[in-house]
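# An overview of the molecular structure
One letter stands for each residue in the lines below.
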Amino acid sequence: MRVDATLADREVRIELATEKGKSSSKKRRQKKLASMPRAVQRLFETCKEVFAEGGPGIVPLPNDVERLRSFLDTLKPANVGLSSNMPFFRNVGIDGPPPVTYLHIYACPKFSIGIFCLPQAAVIPLHNHPGMTVFSKLLFGSMHIKSYDWVNDPQGSNEKIKSPSGAYLARVNTDAIFKAPCETLVLYPTTGGNMHCFTAVTSCAVLDVLGPPYNDDEGRACIYYKEYAYSSFPGDAIVLSSESEEYAWLEERGSEPDDLVVHGAEYKGPKVLDS
């Protein structure tokens, strides 16, 4: 009898533990699902507050920048309904440049939120962000980022230095490979690497917040650039106080690069409730 009772007790304990395990697992799944819309909604609400007084060339206050950056640092792919096995992160069987996919989450005159999805070797060529403050959060994968800021005339005119050949002088801000998880990058209208280029070392995704977003009618068109080494125009050289490798000449492209392929796709993650 004692043995039978012990076995029965053990079976009961195992059954209870199994049920408890199922219950805990279910609660974790429910909590994870519940956190997804909360995260996206909180991102929207934070952006709404940070960019409330925003506009072209208006940079949010430092504590607001840090508040949005800190929140973006906590985001993971699952928070925005993203996973690395989605089809737009694969470039198998694709002829030509790997296409970039853009997932639109939200946009208004003050700011926009979206995700760039890049398969391995995809490139977003060097481009600018006129009068904008931009937050870029690498959600997963590895990416090479190269960015520049303009060099102003040392005579104090606050004008960009333009060569007789038509290119503008810029200084390297960032030239490195970033691997998720890493801190959110922030660029500003005149500092922080306002012109940048993204190259996917592995398949990767970048969540971008732009304040304000591009708008051709308001003078915020996206301009792409060709990059030339500083030594490419020896006749245009100026005296630099540091290594010439830190500088480059950037020449505006007349149109969007032919090798840039961007597809828009429906964002199927948690939706923003704009009340």
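Here we summarise the structure given alongside this text. (Residues numbered from 1 in each chain as written. Predicted model: local features only at pLDDT ≥ 70, side-chain atom pairs only at ≥ 80, totals over all residues. Heavy atoms only, no water.)

### Remarks on the overall build of the protein
- Scanning the protein from N- to C-terminus turns up two helices and 12 strands.
- Secondary structure of the protein in N-to-C order comes out as α-α-β-β-β-β-β-β-β-β-β-β-β-β.
- Within the protein, the fraction of its 275 residues that count as buried is 41%.
- The contacts in the protein between residues at least 6 apart in sequence include a share of 79% that link residues at least 24 apart.
- Roughly 15,400 Å² of accessible area belongs to the protein as shown, and the carbon and sulfur atoms make up 53% of that amount. (Helix = DSSP H or I, 4+ residues; strand = E, 2+ residues; numbered from the N terminus. Buried < 20%, exposed > 50% of the residue type's maximum accessible area, 1.4 Å probe, protein only. Contact = heavy atoms within 4.5 Å. Areas by Shrake-Rupley, 256 points an atom, 1.4 Å probe, with all protein chains shown as cover.)

### A few points about the pairing of strand 2 (residues 112-118)
- Within strand 2, seven of the seven residues are buried, which leaves the element mostly enclosed by the surrounding structure.
- Residues Ser 112, Gly 114, Phe 116 and Leu 118 of strand 2 are buried on one face, and the alternating residues Ile 113, Ile 115 and Cys 117, pointing to the opposite face, are buried as well.
- One ladder, built from six bridges, connects strand 1 (residues 100-107) with strand 2; its direction is antiparallel. Of the residues in strand 2, the one forming a bridge with Leu 103 is Ile 115.
- Here strand 2 pairs with strand 9 (residues 204-211) via seven bridges, running antiparallel. Residue pairing across strands places Cys 117 opposite Ala 205, the latter belonging to strand 9. (Pairing = 2+ DSSP bridges.)

### Observations regarding unusual backbone geometry
- Looking along the chain, the bond that leaves Ala 180 and enters Pro 181 is cis, with omega of 0 degrees.
- If you trace the backbone, Pro 181 turns up in the loop between strand 6 (168-179) and strand 7 (185-187).
- Omega for the peptide link from Gly 211 to Pro 212 comes to -10 degrees, which places this bond in the cis form.
- As for its placement among the helices and strands, Pro 212 is situated in the loop between strand 9 and strand 10 (225-229).

### Re the side chain of Gln 41
- Tracing the backbone through its elements, the reader meets Gln 41 in helix 1 (residues 2-50).
- Apart from residues no more than four positions distant in its own chain, Gln 41 is found in contact with Lys 271, Val 272 and Leu 273.

### Some details on the pairing of strand 4 (residues 133-140)
- Of all eight residues in strand 4, eight are buried, a share of seventy percent or more.
- With three bridges joining them, strand 4 and strand 7 adopt antiparallel strand pairing. Bridging across to strand 7, Ser 136 finds its partner in Leu 185.

### Some details on the packing of aromatic side chains
- Tallying each qualifying case throughout the model produces 12 aromatic pairs.
- Each member of the aromatic cluster is reached from another via a ring pair, and the members are Phe 44, Phe 51, Tyr 106, Phe 111 and Phe 135.
- When the ring centre of Trp 150 is taken as reference, the NZ or CZ atom of Lys 160 above it lies at 4.4 Å.
- Geometry around Tyr 168 places Lys 160 over its ring, the cationic atom sitting 4.1 Å from the centre. (Phe/Tyr/Trp six-rings, centres within 6.5 Å; stacked < 30°, edge-to-face > 60°. Lys NZ or Arg CZ within 6 Å of the ring centre and 35° of its normal.)

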